[in-house]
Every structure is written in structure tokens, then in C-alpha cells.
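Coordinate analysis (summary)
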Amino acid sequence: MRILLVGSGGREHALAWKLIQSPKCDKLFCAPGNAGISQIAECVDIPSEDIESLTQFAKNEGIDLVVIGPEAPLVLGLADRMRAAGIKAFGPSGKAAELEGSKGFMKDIVSKYNISTAKYGRFTDINEATKFIKNTGVPIVVKTDGLAAGKGVIICETEQEAIKAASNMLSGSSFGEAGKEIVIEEFLDGEEISYFTISDGKTILPLTSAQDHKRVGEGDTGPNTGGMGAYSPAHFITPQLEKQIINEIIQPTIDGMAKEGIPYTGVLFAGLMVKNNKAKLLEFNVRFGDPECQEIMMRLDSDLVDILEASTDEKLDKIAQTVKWKDEVALCVVMAANGYPGSYVKNTPIYNIEEAEKIDNVCVFHAGTAYNDNKEIISIGGRVLGVTALGKDFAQAKEKAYDAVKKIKWDEGFYRRDIGWRAIS
Ligand code: AMP
Ligand code: GLY
């Protein structure tokens with residue numbers, strides 16, 4: 001098969017790493033990719049949101065399967081365009097991707113199908129929003145309806161703060177178009193986990209759970225990021241909790257979307273708040289998490305192409321029982337550029353990645369990297385490397401990941417030293 005992978009992050013490097021292990025994969029292209037991906041696939045200089053050029057490329061190159069990593073091209077309808085051109089695409093249609101692309105759409109669907117989630121309201125008018133905030137009380141959560149690169153969620157401790165957040169979003173001053181409509185919802189407390197499944201529109205293949213570290217600072221302090229590290233599975237997941245997540249949250253969503261005439265195919269990633277061993281839905285993402293995908297790919301013991309094809313061919317029921325996982329757990333430490341998540345340094349050289357990769361069961365997945373004219377690897381993004389290790393337990397995976405991190409020489413980068421603390425303490 002000739003496969004085209006779309007995206008340029010650590011998630012895509014991990015997907016590429018797993019895809020090329022499949023005997024079915026003859027040729028892997030990645031658009032646009034990064035320095036790490038270019039070592040194992042042919043990178044094509046097309047941005048992941050250039051739907052037109054990507055479709056043209058896939059037609060010209062006789063691509064058999066397109067794997068779409070990030071949410072933005074999915075929301076823009078890349079999977080629809082590929083399918084219309086007769087090319088298999090792994091990922092939801094643009095309409096189905098609204099489960100992530102519009103928080104209001106997502107909340108309406110899950111409420112209609114009685115899925116446990118925070119009470120909410122949708123607003124375009126500040127007076128109505130203010131009334132809702134006063135009636136609900138604090139803490140309260142104010143969210144942009146549209147995609148805001150993971151930044152459109154503000155947890156407010158006072159009514160004043162919430163009204164200001166709502167007003168800045170609605171006026172367009174804080175998030176542009178994404179905030180012209182907002183969702184305001186009840187604050188949920190508990191412990192957060194991520195749960196990943198794949199659907200073919202009808203059948204669900206439960207994958208696994210993970211826990212992310214969203215804050216930039218150790219001890220979970222400081223501003224939110226895309227994720228500074230993660231591990232899989234979540235340390236407190238039980239078969240019972242998994243059953244509740246699938247039966248009461250994922251399956252009703254897949255069934256509900258089918259009933260609405262918007263069948264959902266691809267990865268469905270649920271962000272959940274767990275309290276007293278019961279999960280409530282915080283959000284849906286229509287893609288793998290980054291850096292959660294890195295651990296999941298290292299733990300997966302089955303052929304990824306088989307799984308993705310079973311989703312695009314509506315045959316997940318045929319393989320659901322055969323998917324195998326390694327016995328080990330996995331943990332990923334993200335190395336980021338100084339300054340991230342604020343404005344950060346760029347074009348700084350990184351050395352000794354090969355040394356780090358010599359450690360058994362360690363992979364260094366690239367995110368924001370490129371080659372400079374001297375063929376050195378340089379940083380070009382905020383999150384730059386995802387150093388991922390398998391281990392027999394979290395303590396061992398952590399030790400290996402940090403041994404590898406310490407071999408990498410990058411003066412302008414930093415990392416959290418406490419990834420996995422919840423699982424290990
Ligand atoms: P999101 O961008 O939707 O992933 O939200 C970012 C983060 O905000 C989530 O990972 C949660 O930590 C937090 N969050 C979102 N909604 C709520 C809520 N209703 N209650 C508490 N925390 C929330
Ligand atoms: N790491 C969280 C996300 O990918 O949304």
C-alpha cells in the first residue's frame with residue numbers, strides 16, 4: 001500500500017514509526033512531516049490544512065490510504081475530499097469532526113443521548129451569558145465554541161472573572177472567530193483521564209487509557225500547554241471503569257451520531273473526569289492525543305494498518321478480538337523550547353538524539369524539528385521532542401525515559417522532571 005500521513009507533530013512521528021512496521025506498507029509519505037519523520041518516510045512540503053493540494057497529491061501518487069493526524073484538516077473536511085476522490089481516508093468526516101470542532105455541537109449531541117457531562121449553556125449574547133454565570137455560581141468554565149489550539153478553555157474562580165472571559169471571547173478580542181459563540185459549563189472535580197477508541201461508524205474498538213500533564217511546571221503548576229508528558233495506561237483504570245466509559249459514554253455517542261445521520265469513523269478520544277470510580281465526559285477529540293499517541297503506538301502489538309483499514313472498511317467487528325498489546329506500560333517526557341508555552345526560542349541545535357535512542361525500548365519522537373544547512377537537527381516549534389520508553393512498570397519506564405532525556409544535548413530546551421508522579425507515588 002501507498003500511504004499518506006498528514007501532520008507534523010510527535011503524534012505523526014509515532015504513527016509513521018508504527019505504520020512502516022506493517023508488511024502492508026510499501027511506501028509512506030508524510031505531509032509536511034518533520035526531521036524525525038523524514039528519516040523513515042518521504043516528507044512532502046504541503047501544509048496539513050491545504051486540502052486542495054493534499055487531495056491532488058494523493059490522486060497523482062496513487063495513494064491507497066490517507067491517515068489524518070491533527071483535528072484542523074479533519075474539521076476542514078479532508079477525509080470527505082479524499083473519499084470523494086475514491087481514496088480511503090482514516091478519520092471522521094468534516095461534519096462528524098464537529099464533535100471537537102464545535103463544543104456546542106458536542107454538548108447538544110451528548111445531552112440528547114443522556115451521556116453524563118457537565119451542565120451547560122450555549123451563548124452568543126453577553127447578557128444571557130452573565131445571567132447563566134450568576135445562576136450557576138463558581139467555579140465555572142468558559143469555553144470557545146470553535147478550535148482555539150487547546151487554549152479556549154478558561155476555568156474561573158469568580159463571577160467577575162467568568163463574565164470578563166465570556167465578554168472577551170464574544171467580542172472576538174481573545175480568540176477571534178472561535179469565540180464568537182461560547183459554551184459555559186459547570187466545573188467538575190476529580191481526576192482527569194483520556195480514553196481512546198476507534199470506530200467504523202458502528203463498532204467500537206476500545207484501545208486504551210492515558211494520563212497527560214497539561215501544565216508547563218512541575219507539580220502541575222503554571223500555564224496550560226499541549227501536554228508536557230504522558231503515560232499509558234492511566235494508573236487507576238479498572239475493567240469496571242473502562243466498561244462504564246464504553247457503555248455509557250462512547251457507544252451511546254457512536255449510536256447517537258449514526259442516528260443523526262452523521263456516522264462517526266476514526267479515533268474518538270474522550271477527555272473524562274473521574275470521581276468515585278465514575279467518569280463524566282469533559283470533551284471529545286477526533287484524533288489521537290499528542291503526546292498520548294506516542295505511548296499508545298509503543299504499547300500496541302498489532303499491525304496498525306490492519307486496524308485503520310478495518311475502520312475505513314467498516315470491518316472493526318472482524319478484528320476487534322485480535323488486537324494485542326504489549327505487557328509493558330509506556331511513559332513520554334516532552335522536551336520543549338525555552339519560553340514555551342509563551343514565545344519561545346527557535347532554530348537552536350539539538351545533539352545526541354542517536355545516543356538516547358540506543359537505550360533499549362526508547363524512542364525519541366520528533367515534533368517541532370527540522371534540519372539546518374549543516375544537516376544538524378534544530379528546534380522550530382514549542383514542543384520539540386517526545387522521549388518515550390516502555391517499562392515493566394511506571395517507575396522503570398520513567399527511569400528509562402529520563403536516562404534518554406539526559407543523553408540529549410540541547411542548551412535551549414527544558415522538560416518537567418516529574419512526569420508520571422501520580423502513577424508512581
Ligand atoms: P479542553 O481544551 O476542552 O481539553 O479543556 C482543557 C482542560 O480544561 C481539560 O483538560 C480540563 O482539565 C479542563 N476542563 C474543561 N472542562 C472542564 C470542566 N467542566 N470542569 C473542570 N475542568 C474542565
Ligand atoms: N495532549 C492532549 C491533546 O492532544 O489534546
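The structure displayed is predicted, hence computed values, not measured ones.

Let's talk about the overall build of the chain
When you go through the chain residue by residue, the secondary structure sums to 16 helices and 23 strands. In summary, the chain has a C-alpha radius of gyration of 21 Å against a globular reference of 22 Å for 425 residues, a match within 12%. Referenced to the eigenvectors of the C-alpha coordinate spread, the extents of the chain come out at roughly 60 × 45 × 40 Å. For the chain, the proportion of its 425 residues judged to be buried stands at 56%. Put simply, 68% of the contacts in the chain that link residues at least 6 apart link residues at least 24 apart. For the chain, the accessible surface area stands at approximately 17400 Å², while carbon and sulfur atoms represent 47% of it. The average position of the 48 basic charges and that of the 60 acidic charges among the side chains of the chain differ by 3 Å.

Focus on the nonpolar core
Within soluble globular proteins, side chains that are nonpolar tend to cluster in buried spots. Ranked by internal contacts, the top residues of the largest apolar core, which has 49 residues, are Leu 4, Val 66, Met 82, Ile 245, Ile 250, Leu 272 and Phe 284. Looking at this core, the element that brings in the most residues is helix α10 (residues 239-259), giving seven residues. Excluding anything up to four places from it in sequence, Ile 250 contacts Thr 197, Ile 204, Ile 245, Leu 268, Ala 270 and Phe 284. Counting residues in each nonpolar core, the second largest holds 40 residues, with Phe 288, Ala 310, Val 323 and Ala 330 among its members.

A word on the site of ligand 1
Around ligand 1, the surrounding shell holds 14 residues, and the nearest of these are Glu 185, Leu 188, Glu 192, Lys 214 and Glu 283. Between a nitrogen atom of ligand 1 and a side-chain N or O atom of Glu 185, the distance comes to 2.7 Å. Sorting the residues of the shell around ligand 1 by element identifies β7 (140-144), β8 (153-156), β9 (182-186) and β16 (278-285) as the ones contributing at least two each. Taken together, the residues that form the shell around ligand 1 break down as seven nonpolar, no polar and seven charged.

Some words on the site of ligand 2
In the vicinity of ligand 2, the contacting residues are Asp 212, Gly 226, Phe 269, Arg 287, Gly 289, Asp 290, Pro 291 and Glu 292. Contact distances for ligand 2 include 2.8 Å between a nitrogen atom and a side-chain N or O atom of Asp 212. Contact with the protein chains covers 87% of the free accessible surface of ligand 2, which is 200 Å². When grouped by side-chain class, the residues that make up the shell around ligand 2 number two nonpolar, two polar and four charged.

Notes on the pattern of salt bridges
Per the counting criterion, the structure on display carries 30 salt bridges. Notably, a salt bridge pairs Lys 180 with Glu 177, separated by 3.3 Å at the nearest N-O pair. Judged by relative accessible area, Lys 180 falls into the partly exposed class, the value being 37%. Each of Lys 24, Lys 88, Asp 306, Glu 309 and Asp 313 takes part in salt bridges that share partners, so that together they form one network.

Cut-off values and rules
Residues numbered from 1 in each chain as written. Chains lettered and ligands numbered in written order. Predicted model: local features only at pLDDT ≥ 70, side-chain atom pairs only at ≥ 80, totals over all residues. Heavy atoms only, no water. Helix = DSSP H or I, 4+ residues; strand = E, 2+ residues; numbered from the N terminus. Rg over C-alpha atoms; globule rule 2.2 N^0.38 Å. Buried < 20%, exposed > 50% of the residue type's maximum accessible area, 1.4 Å probe, protein only. Contact = heavy atoms within 4.5 Å. Areas by Shrake-Rupley, 256 points an atom, 1.4 Å probe, with all protein chains shown as cover. Lys, Arg positive; Asp, Glu negative; His and termini not counted. Charge placed at Lys NZ, Arg CZ, Asp CG, Glu CD. Core = buried A, V, L, I, M, F, W, Y, C linked by side-chain atoms within 4.5 Å. Near = heavy atom within 4 Å. Polar contact = N/O pair within 3.5 Å; in protein donor to acceptor, adjacent residues only side chain to side chain. Nonpolar A, V, L, I, M, F, W, Y, C, P; charged D, E, K, R; others polar. Salt bridge = Lys/Arg side-chain N within 4 Å of Asp/Glu carboxyl O.

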